[in-house]
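Examination of the molecular architecture
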Amino acid sequence: MTDSPLAAMAAMIGEWRTTTDRYPDVVGRTTIEWLAGEAFLLVRYTVPEAGIERLWAMGVDDAYPERLKVLQYDSNGERRIFNGAVTGPLWRVWRDAPGDSQRLTGNLDETQNTLRATWERSESELDPRTWEHELDIIFTRIT
């Protein structure tokens, strides 16, 4: 595999217990696994009791291997395309869209067993002053 954002995410492969500050009593599970060998990553977040499922298919274009693309689908029927980047332990995913810009910034700790992330939203496409905190997410490695 080439040196790409996907290769950098290999440390995150596995099963994760997923909690948020917004819904502290709700525990989800996130699975991160390779698809098609190591061509794509699938990130699957589920909370079976609440009927929540979110899928991210992550990959790169051969012409632009440094540009991570994230295709999202969730149980509400929403489809989104995000950009992504991984720099060392820092994981970023963002979408600049009129009326619904979103971004996630996460940091994998030194033990590679905890990823702490923040999700933010903005109704303005590119105005950095308008980001609002949505929730904090903690991923704790199970396997």
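Please refer to the structure placed before this passage.
Below you will find a few notes about this structure. If you're wondering where the values come from, they're calculated on a predicted model, not measured in any experiment.

A tally of regular secondary structure across the protein chain gives 1 helix and 10 strands. Starting at the N terminus and walking to the C terminus, you meet the elements of the protein chain as α-β-β-β-β-β-β-β-β-β-β. Overall size of the protein chain, expressed as C-alpha extent along the three principal axes, is 35 × 35 × 30 Å. Taking all 143 residues of the protein chain together, the buried fraction comes to 37%. Put simply, of all contacts in the protein chain between residues at least 6 apart along the chain, 32% involve residues at least 24 apart. Within the structure as shown, the protein chain displays about 8,400 Å² of accessible surface, and the carbon and sulfur contribution to it stands at 50%.

Strand order in this closed barrel of 10 strands is β1-β2-β3-β4-β5-β6-β7-β8-β9-β10, and the pairing throughout is antiparallel. Taking each pair of neighbouring strands and ignoring which way they run, the sheet shows an average axis angle of 25°.

Another aspect to go through is the pairing of strand β1 (residues 14-20). Side-chain positions along a regular strand alternate between the two faces of the sheet. Counting buried residues in β1 gives 5 out of 7 residues, a clear majority hidden from the surface. Pairing between β1 and strand β2 (residues 28-35): 5 bridges, direction antiparallel. By the bridge assignment, T18 is partnered in β2 with G28. The sheet contact formed by β1 and strand β10 (residues 132-141) spans 5 bridges and is antiparallel. Among the inter-strand pairings, W16 is bridged to a residue of β10, identified as R141.

The residue S101 is located in strand β8 (residues 101-108) in this model. Residue classification places S101 among the buried residues on the basis of a relative accessible area of 0%. In this structure the side chain of S101 is engaged in a polar contact, spanning 3.0 Å, whose partner is the backbone nitrogen of A97.

Right, let's talk about the packing of aromatic side chains for a bit. Following the criterion strictly, the structure yields 4 aromatic pairs and no others. Consider the rings of W56 and W119, whose centres lie 6.4 Å apart with planes at 40°: the pair is tilted. In this pair, W56 sits in strand β4 (residues 52-61) while W119 sits in strand β9 (residues 114-122), placing the two residues 63 residues apart along the sequence. Across the pair, W119 and W56 agree in class, each one buried. Ring plane angle 65° and centroid distance 6.0 Å describe the contact between F82 and W119, whose orientation is recorded as edge-to-face. Of this pair, F82 sits in strand β6 (residues 79-87) while W119 sits in strand β9, and the two are 37 residues apart along the sequence.

What follows is about the side chain of T20. Along the chain, T20 turns up in strand β1. Among the polar contacts made by the side chain of T20, one reaches the main-chain amide nitrogen of Y23 at a distance of 3.0 Å. T20 has contacts with L135, D136 and I137, leaving out every residue within four places of it along the chain.

The biggest cluster of nonpolar side chains holds 23 residues, and the ones touching the most others in it are M9, M12, W56, M58, V70, W91 and V93. Put simply, the parts of the chain that give this core at least two residues each are β3 (40-47), β4, β5 (64-74), β6, β7 (90-95), β8, β9 and β10. Ignoring sequence-local partners within four residues, the contact set of M58 consists of L6, M9, F40, L41, V43, L68, K69, V70 and W91.

The rules behind these values
Residues numbered from 1 in each chain as written. Predicted model: local features only at pLDDT ≥ 70, side-chain atom pairs only at ≥ 80, totals over all residues. Heavy atoms only, no water. Helix = DSSP H or I, 4+ residues; strand = E, 2+ residues; numbered from the N terminus. Buried < 20%, exposed > 50% of the residue type's maximum accessible area, 1.4 Å probe, protein only. Contact = heavy atoms within 4.5 Å. Areas by Shrake-Rupley, 256 points an atom, 1.4 Å probe, with all protein chains shown as cover. Pairing = 2+ DSSP bridges. Axes fitted to C-alpha atoms, helices over the stretch in contact; angles between N-to-C directions. Polar contact = N/O pair within 3.5 Å; in protein donor to acceptor, adjacent residues only side chain to side chain. Phe/Tyr/Trp six-rings, centres within 6.5 Å; stacked < 30°, edge-to-face > 60°. Core = buried A, V, L, I, M, F, W, Y, C linked by side-chain atoms within 4.5 Å.

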